[in-house]
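Structural description and commentary
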Amino acid sequence: MKKTLLAAATLTLSTALIGCDAGSSKANIAIGPAASTTQKVSRMVLSTYGIEEGDFNAYQERFGDALDGVQDGNIDMSIGIMGLPAGSIESLQASSGDVVMLSLSDEVVDKIEKNSDYRRFIISKDSYKFLENDVQTIAAFAVMMGNTNTISEEMGYQLAKVMYDQADQITHSQAKFLTIEHALNGSDSLQIHPGAKRFYEDKGLTVDMPVAKLGDITAKHEFILGTGSQGGTYYPLGGEIATTWNNNIPGANFTNVETSASIENLVSIRDGKMDLGMSVHVPARNAREGKAEFEGSPVDNAAFIGQIYPEVVQIVSRASNKVSSFESIKTK
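All values reported here derive from a predicted model rather than from experimental measurement. (Residues numbered from 1 in each chain as written. Predicted model: local features only at pLDDT ≥ 70, side-chain atom pairs only at ≥ 80, totals over all residues. Heavy atoms only, no water.)

**As for the pattern of salt bridges**
Under the criterion given, the structure shown has 17 salt bridges. Residue Arg270 pairs with Asp271 through a salt bridge whose shortest N-O separation is 3.1 Å. Exposure remark for Arg270: the relative accessible area of 28% places this residue in the partly exposed category. Looking at Asp271, the relative accessible area reads 41%, which means it is partly exposed. A single network of salt bridges, built from pairs that share partners, joins Asp106, Asp110, Glu113 and Arg120. (Salt bridge = Lys/Arg side-chain N within 4 Å of Asp/Glu carboxyl O. Buried < 20%, exposed > 50% of the residue type's maximum accessible area, 1.4 Å probe, protein only.)

**Concerning the side chain of Gln174**
Topologically, Gln174 is positioned in the loop between helix H6 (153-165) and helix H7 (194-202). Within the structure, Gln174 has its side chain in polar contact with the backbone oxygen of Leu84 (distance 2.5 Å). Contacts of Gln174, omitting those with residues within four sequence positions, involve Gly83, Leu84, Pro85, Thr233, Leu237, Ile308 and Tyr309. (Helix = DSSP H or I, 4+ residues; strand = E, 2+ residues; numbered from the N terminus. Polar contact = N/O pair within 3.5 Å; in protein donor to acceptor, adjacent residues only side chain to side chain. Contact = heavy atoms within 4.5 Å.)

**What about the packing of helix H9 (residues 262-270) against helix H10 (residues 281-289)?**
Packed helix pairs are specified by the crossing angle of their axes together with the interaxial distance, meaning the distance between the axes. For the pair H9 and H10, interaxial distance at closest approach is 9 Å and the crossing angle is 35 degrees. In the crossing of H9 with H10, the sense of the turn from one axis to the other is right-handed. Across the interface between the two elements, Ser262, Ile263 and Leu266 from H9 touch Pro283, Ala284 and Ala287 from H10. In terms of residue class, the contact of H9 with H10 is built from 5 nonpolar, 1 polar and no charged. (Axes fitted to C-alpha atoms, helices over the stretch in contact; angles between N-to-C directions. Left-handed = near helix turned anticlockwise from the far one by under 90°. Nonpolar A, V, L, I, M, F, W, Y, C, P; charged D, E, K, R; others polar.)

**Structural notes on the side chain of Thr259**
Looking at where Thr259 falls in the secondary structure, it is placed in the loop between strand S8 (253-257) and H9. Once residues lying within four places of it in the same chain are set aside, the contact partners of Thr259 are Arg62, Gly226, Thr227, Gly228, Ser229, Glu264, Asn265 and Met274.

**Considering H10**
Listed as buried for H10 are His281, Val282, Pro283, Ala284, Asn286 and Ala287. On the buried face of H10, the contacting elements are helix H2 (37-48), strand S6 (135-147), H9 and strand S9 (276-280). Of the residues one or two after H10, Gly290 is the one with positive phi, at around 70 degrees.

**Description of empty space enclosed by the protein**
Any space left empty among the atoms is revealed by the rolling of a water-sized probe across them. Summed over the entire model, instances satisfying the criterion amount to 1 cavity of 30 Å³ or more. Every residue lining the largest cavity is counted, 25 residues in all, and those nearest its centre are Thr38, Ile81, Ser229, Ser260 and Ala261. The residue inventory of the lining of the largest cavity, partitioned by class, reads 10 nonpolar, 12 polar and 3 charged. (1 Å grid on protein atoms, 1.4 Å probe; cavity = no way out; pocket = protein on both sides within 12 Å on 5 of 7 lines; lining within 4 Å. Points joined across faces, edges and corners; volume = space filled by probe spheres on them.)

Shown next as structure tokens:
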């Protein structure tokens with residue numbers, strides 16, 4: 001059954017590619033999984049350029065799958081939110097040799113900064129070997145959120161302590177941002193877990209965030225960490241963080257699971273299905289305040305554990321694609 005569905009999906013993509021080559025069809029753009037933060041940001045970027053729903057064919061692919069489509073020529077452009085450098089983009093360049101990373105204009109970035117919590121970010125040309133110039137984009141922060149109904153004060157302390165004090169045990173490139181200096185980035189408008197607060201104050205930081213109230217917690221030893229898709233940054237980095245916790249917190253076992261990232265993780269924490277979840281700080285704030293995707297269903301039991309790394313919006317195409325700029329999308 002899975003093979004049949006895969007074949008159907010491949011046929012659909014191939015048909016879309018044929019239409020794209022005809023010259024009058026729409027661009028095929030991978031905007032991220034349904035209900036994901038990536039998809040929300042993708043639509044925000046595109047609409048700021050004046051590109052609306054009917055101007056392109058939207059594909060709700062995970063970033064790794066989307067890049068496979070870019071490599072095959074079935075996807076013209078893919079938008080993702082990841083750390084730097086992203087291994088999946090490096091792999092695409094290694095296989096295709098003609099990756100193009102799109103830069104956002106000053107006007108677009110100014111509008112996005114004015115109307116959202118995303119901020120201007122410069123991807124240095126040194127981030128990827130194929131870049132000839134710096135790339136201007138936007139970024140937020142990846143943060144670790146904990147379930148206040150299952151993570152005790154002492155466990156919250158240990159989670160933060162190990163994540164920063166033992167960061168040298170994590171080989172992933174984004175671990176370089178796991179430092180006390182960056183620990184509170186992205187914490188604006190969030191509540192902090194009391195255990196994490198105590199750890200940061202022990203380290204000499206001033207913590208001005210409101211402190212989350214813990215529920216009636218029953219001692220447990222098995223914990224679930226929601227990450228993201230295997231083609232992105234959350235899954236491999238989350239797996240290493242979980243391993244570091246397992247190696248340094250006696251009597252506790254942490255299992256990382258693949259998800260659609262931020263929104264799914266926050267909903268799962270709210271519903272008691274997860275103990276910890278990685279998230280962009282913007283949806284984490286929306287979850288607490290019951291806004292956007294969480295309107296009418298706020299997440300009252302998710303507390304900030306710590307910053308993980310800056311989340312950078314990265315938009316890729318190929319030089320051989322007919323659609324390799326925002327301007328060319330509307331002309332198609």
